[in-house]
Amino acid sequence: QSTWGIQFYKDLMEQEIQYINDQERDIVQLLQKLDQTHIIEKIPTYSKEKREAFIQQIEKLNTTYPGGLEQYYQRARVLLKDAAENRNPYEGYQPKVPKGQNVDFYSPDITELESAGFSVLRDTAFVLVAGGLGERLGYNGIKVQIPIDTVTETCFLNYYAQYILAFQRKSNASRDLPLAIMTSDDTHSQTVKLLEENNYFGMKKDQIFIMKQEKVPAMIDNDAHFALRPDDLEIETKPHGHGAVSYTHLRAHETGRNLVCRLLLEKKK
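Examining the overall build of the protein chain
Part 1: Across its full length, the protein chain carries ten helices and five strands.
Part 2: Here the protein chain holds 269 residues, and 33% of them are scored as buried.
Part 3: Of all intrachain contacts in the protein chain linking residues separated by at least 6 positions in sequence, the fraction that spans at least 24 positions is 65%.

Encoded structure:
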């Protein structure tokens with residue numbers, strides 16, 4: 001199809017749509033730029049209420065991804081093209097096993113290394129990626145609720161919290177060591193409930209910072225066309241990546257009291 005033909009079709013679509021407001025016009029222009037004409041042609045067939053909800057969804061998707069939907073679309077195009085052509089992004093690289101250091105637990109080195117670690121422990125923040133369910137592990141619930149053993153049945157999140165509290169006591173920190181937990185739509189409410197019902201496992205409520213992972217549009221083909229829900233004016237979405245705790249997520253949850261984001265972003269120790 002020629003460039004002229006595509007532009008003619010876009011111009012025709014714009015003439016046919018009676019926009020409900022300026023926001024919808026901007027949304028259509030953005031979707032045209034991203035070659036999402038299959039979505040644009042459906043907009044006039046829906047009610048004002050549906051179209052308003054669609055505008056809100058697009059605006060949210062456009063603000064939660066770094067660089068907006070345009071950046072997401074362009075990056076997806078490259079990745080999908082590479083995958084279709086079986087292009088390996090790591091071609092030319094040679095994998096190497098890094099050299100490690102084995103320390104005898106009973107050697108003098110262990111004391112020196114522990115001292116070095118404890119000296120920076122008070123400036124440490126902890127991040128727990130908790131966006132997955134335990135279905136693949138045969139557990140009907142969130143992964144952080146899975147018991148670590150069959151005797152005490154202590155759940156993983158409790159075990160993790162006790163480690164942080166032990167570090168906190170050992171380091172003689174002047175403040176509470178923060179814990180950031182990234183959840184998803186699948187796990188957010190259950191994670192909050194688990195913490196509340198167990199009094200945050202001994203940690204303080206304002207010591208724990210919960211960040212829900214946002215979603216991005218799902219694709220229907222290798223040309224990065226966004227998927228629509230069947231018989232609805234709503235883009236099908238999916239979790240972004242595998243639980244990446246990004247700069248954007250951290251900054252979005254930073255407040256005057258919230259030290260965890262600043263620590264995670266600025267501490268290099």
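What follows continues from the structure just given.
What about the pairing of strand β1 (residues 126-129)?
Successive residues of a regular strand alternate their side chains across the two faces of the sheet.
Part 1: Burial along β1 is one-sided: the face carrying F126 and L128 is buried and the face carrying V127 and V129 is not.
Part 2: As judged from the four bridges shared by β1 and strand β2 (residues 179-183), these two strands associate in the parallel manner. Looking at the pairing, V127 lines up with A180 of β2.
Part 3: For the crossover that starts at β1, traverses helix α7 (residues 156-171) and ends in the parallel β2, the hand is right-handed.

A few points about the pattern of salt bridges
Part 1: What the rule picks out here adds up to 14 salt bridges.
Part 2: A salt bridge links R51 to E24; the shortest N-O distance between them is 2.7 Å. Taken as a pair, R51 in helix α4 (residues 48-64) and E24 in helix α2 (residues 22-33) lie far apart in primary sequence, 27 residues in all. E24 shares its class with R51; the two are buried.
Part 3: One network of salt bridges, with partners in common, ties together K81, D82, E85 and R87.

Concerning the environment of D104
Part 1: Structurally, the position occupied by D104 is in the loop between α5 (68-84) and α6 (108-121).
Part 2: Engagement of the side chain of D104 in a polar contact is seen with the backbone nitrogen of Y106, the distance being 3.0 Å.

Some details on the packing of aromatic side chains
Here the distance between the centres and the angle between the planes together describe a pair of aromatic rings.
Part 1: Taken as a whole and assessed by the stated rule, the structure comprises seven aromatic pairs.
Part 2: When the ring of Y72 is compared with that of F226, the centres are 6.4 Å apart and the planes differ by 40 degrees; the resulting orientation is tilted. Taken together, the positions of Y72 in helix α5 and F226 in the loop between β4 (215-217) and β5 (237-239) put the pair 154 residues apart, joining distant regions of the chain. Of the two residues examined, Y72 and F226, each falls in the buried class.

So, the pairing of strand β3 (residues 208-212)
Part 1: Pairing of β2 with β3, which is carried by five bridges, proceeds in the parallel orientation. Within the sheet, the bridge partner assigned to M182 lies in β3 and is M211.
Part 2: Handedness of the β2-helix α8 (residues 188-197)-β3 crossover: right-handed.

What to know about α4
Part 1: Its 17 residues give α4 an end-to-end C-alpha distance of 25 Å, which sits within 8% of 24 Å, the value for a rise of 1.5 Å per residue.
Part 2: Listed in full, the buried residues belonging to α4 are R51, F54, I55, Q57, I58 and L61. Each buried residue of α4 sits inside an arc of 165 degrees when the element is viewed along its axis, so together they form one side. Summarising the geometry of α4, the exposed residues directed more than 90 degrees from the buried face are E49, Q56 and T63.
Part 3: Residues of α4 that are buried in the fold lie against α2, α3 (37-40), α5, β4 and β5.

Focus on a nonpolar patch on the surface
Part 1: There is a patch of nonpolar side chains on the surface, built from I148, F156, Y159 and Y163 and spanning about 360 Å² of accessible area.
Part 2: Along the chain, the position of Y163 falls in helix α7.
Part 3: Judged by its relative accessible area of 44%, Y163 is partly exposed.

What about the environment of K48?
Part 1: With respect to the helices and strands, the residue K48 is situated in helix α4.
Part 2: Judged by relative accessible area, K48 falls into the partly exposed class, the value being 48%.
Part 3: Between the C-alpha atoms of K48 and Y19, which are 29 residues apart in sequence, the distance is 9.7 Å.

A closer look at the nonpolar core
Part 1: Ranked by size, the top nonpolar core spans 25 residues in total, and within it I39, F54, I58, L69, F226 and I235 carry the most contacts.
Part 2: Elements supplying a minimum of two residues to this core: α2, α3, α4 and α5.
Part 3: Grouped together as the second largest cluster of nonpolar side chains are 20 residues, I142, L157, L165 and Y200 included.

Here we look at the confidence of the model for the protein chain
Part 1: Counting all residues, the mean pLDDT for the protein chain is 83, and 83% of those residues have values of 70 or more.
Part 2: Low confidence marks residues 246-269, where pLDDT is under 50. Its contacts with residues over four positions away, or in another chain, come to 42 contacts.

What to know about the sheet that holds β2
Part 1: With parallel pairing, the three strands of this open sheet are ordered in space as β1-β2-β3. Because the sheet does not close on itself, it has two edges, and the strands there are β1 and β3. Sheet twist, expressed as the mean angle between neighbouring strand axes with direction ignored, is 20 degrees.
Part 2: Across the sheet, α7 touches β1 and β2, and the angle it forms with β1 is around 175 degrees.

Rules and cut-offs
- Think of each chain on its own: its residues are numbered from 1, step by step along the sequence as written.
- Two thresholds apply to this predicted model, a pLDDT of at least 70 for residue-level local features and 80 or more for giving and counting side-chain atom pairs, whereas whole-chain, interface and lining totals are computed over all residues.
- Computation of side-chain values covers all heavy atoms of the structure but excludes hydrogens and water.
- Elements are defined by DSSP. Helices are runs of H or I of four residues or more, strands are runs of E of two residues or more, and each kind is numbered from the N terminus.
- Note on classification: 1.4 Å probe, protein chains only; a residue is buried when its accessible area is under 20% of the maximum for its type, exposed when over 50%, partly exposed between these limits.
- Two residues form a contact once any of their heavy atoms are found within 4.5 Å.
- Strand pairing requires that DSSP identify at least two bridges connecting the strands.
- We call a crossover right-handed when, viewed with both strands directed away from the observer, the connection leading from the first strand over the helix to the second proceeds clockwise.
- Any Lys or Arg side-chain nitrogen found within 4 Å of a carboxyl oxygen on Asp or Glu counts as a salt bridge.
- The term polar contact refers here to a pair of N or O atoms within 3.5 Å; inside protein, the definition further demands a hydrogen-donor-capable atom paired with an acceptor-capable atom, and it admits residues adjacent in sequence only when both atoms are side-chain atoms.
- Stacked, tilted and edge-to-face are the three classes applied to pairs of Phe, Tyr and Trp rings, where Trp contributes its six-membered ring and a pair requires centres within 6.5 Å; stacked means planes under 30 degrees apart, edge-to-face means over 60, and tilted covers the rest.
- By this rule, a helix spans an expected 1.5 Å times one less than how many residues it contains.
- Note that the arc is computed from the directions linking the helix axis to the C-beta atoms.
- Only residues whose relative accessible area exceeds 30% and that form no salt bridge enter a patch; like-charged residues are grouped when within 9 Å of one another, and nonpolar side chains (Val, Leu, Ile, Met, Phe, Trp, Tyr) when within 5 Å.
- Residue-level accessible areas treat just the shown protein chains as cover; the underlying method is Shrake-Rupley with a 1.4 Å probe.
- In plain words, nonpolar cores are sets of buried Ala, Val, Leu, Ile, Met, Phe, Trp, Tyr and Cys residues tied together by side-chain atoms within 4.5 Å.
- Per residue, pLDDT captures the predictor's confidence, and it can take any value from 0 to 100.
- Here the axes come from fitting lines to C-alpha atoms, over the contacting stretch only for helices, and the angles between their N-to-C directions go from 0 to 180 degrees.

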